Each structure stands twice: as structure tokens, then as C-alpha cells.
Amino acid sequence: MSNSIKNNENIKSCIILCGGQSRRMGQDKGSMIIQNKPMIKHILSTLNNHIDEAIIVLNDQTRIDKYNKFINPKEYTYPITFLEDKIKNKGPLPGIMTGLMEITSDYALILPCDSPYVSVEYIKTIFSQIDENYQAIVPYHNDNNKLKTSEPLHSIYKKDIIPEIEKLVNEDTLHIKGLIEKIDTKFILIDNKKIEKKEFKNLNRPEDI
């Protein structure tokens, strides 16, 4: 292998989940205009110069075509791949699995398309916590209950958990914290220093904007 090609350990991958049905918002969230641009583009811009590939998982080809129209790959320092969710309307677990199947690295940062406040500092911090002894790096809010107060959709997961996700989905166990319980998880406290609570604000309803 040529030295110019990064090996798997050095590639930073990000999977952005846009498969939600946005019932509470009443419209497609990732394409909603926030501060003059679609919500997902805030995330994509923040990722510039900090990742090597992005996978955007959407729930059907119509939405992939829609996103292709307003996302210009030339605006980003990394390649973007659009994927159709392999299993529809079953929550984020199948979306994570769909993305993990495509990444070229061993780990990927998962982000939801409705979190436009994720910062460069957070991206750097979470990637710096990757540890080959763990299959997930998961931030949490409260020491008294790490799992209950965790943020599984702003976490890093290892590609080798795909069989575990498949098993849970086949059993119709779709709660993502059920996955975190079953794999080797490294929990990181959201301390308002290196990781700030505002990073995790989701926009679920029109009044959240």
C-alpha cells in the first residue's frame, strides 16, 4: 500500500442519520432552513477539515435526490456518500448499521441531522477518545446513571458491532441504549468544559428553532 493512502486507523468517518420521519416538526428536518441554510449543512461545514469521509443515511431515494440538489460536494473537504436505509422506519439502529457497512475506517462518529450546534471542539474531543479496547465511545450527563443520561446519537461506534445490531433489529429490540448495554462501551462525562451540554440540543419541534 502506498504511503499516501491513509490506513484504517487514521481515517475519521462520520455517519449522519436523516432517516427520521419528523412527525413532531411536520417536515423534513435535515433540509429545514436554519440561519439561512439547511440544518444538515451546518453540521457538514463544521466537519470540514476534521473528517475524511461522511455517509448520509436517508430513508428513501426521493430524499436522497432532494439532498443531492442542495448539498454541493465542492463545499466540503471530504467525500460524501448518500445511502438508503436498509431497514425502513425502525429508528436509528438500522441507520447506524447501514452507515457502518459503508465506512472505510474501523470507527465512525454518529450524528443526527437535527443537531446543528455540534462544534469543532466536540468533534476533536470525541475522536481523541477512540480506544481499540472499546466498541463505543458514548458521552453522558450524570454519574448516577450513565446509561440513562447518555447521548447515543452523538457517539462513536466500531464497525465490528454490525452483527450485534442485526441481532437486535431481528428481535425488534430497537432501543439504542439496549445496544450500548451489550457492547464494550467507554462513557465520557459531558462536563461543560471539553464537552458542552449545548452540543446535544436537538431541534424536534418548530418552537425549538
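Presented here is a report on the structure given in the accompanying data block. (Residues numbered from 1 in each chain as written. Predicted model: local features only at pLDDT ≥ 70, side-chain atom pairs only at ≥ 80, totals over all residues. Heavy atoms only, no water.)

## Section: unusual backbone geometry
So, point 1. In this structure, asparagine 49 is a non-glycine residue whose phi angle is positive, near 70°.
So, point 2. For asparagine 49, the position within the fold is in the loop between helix 1 (39-47) and strand 4 (53-58).
So, point 3. Given the relative accessible area of 62%, asparagine 49 is considered exposed.
So, point 4. The phi dihedral of asparagine 89 is positive, around 55°, even though this residue is not glycine.
So, point 5. The topology assignment puts asparagine 89 in the loop between strand 5 (80-84) and helix 3 (92-102). (Helix = DSSP H or I, 4+ residues; strand = E, 2+ residues; numbered from the N terminus. Buried < 20%, exposed > 50% of the residue type's maximum accessible area, 1.4 Å probe, protein only.)

## Focus: the environment of aspartate 191
So, point 1. By secondary structure assignment, the location of aspartate 191 is in the segment after strand 9 (185-189).
So, point 2. Linking aspartate 191 and proline 139, residues 52 residues apart in sequence, is a C-alpha distance of 9.7 Å.
So, point 3. In this structure the side chain of aspartate 191 is engaged in a polar contact, spanning 3.2 Å, whose partner is the backbone nitrogen of isoleucine 195. (Polar contact = N/O pair within 3.5 Å; in protein donor to acceptor, adjacent residues only side chain to side chain.)

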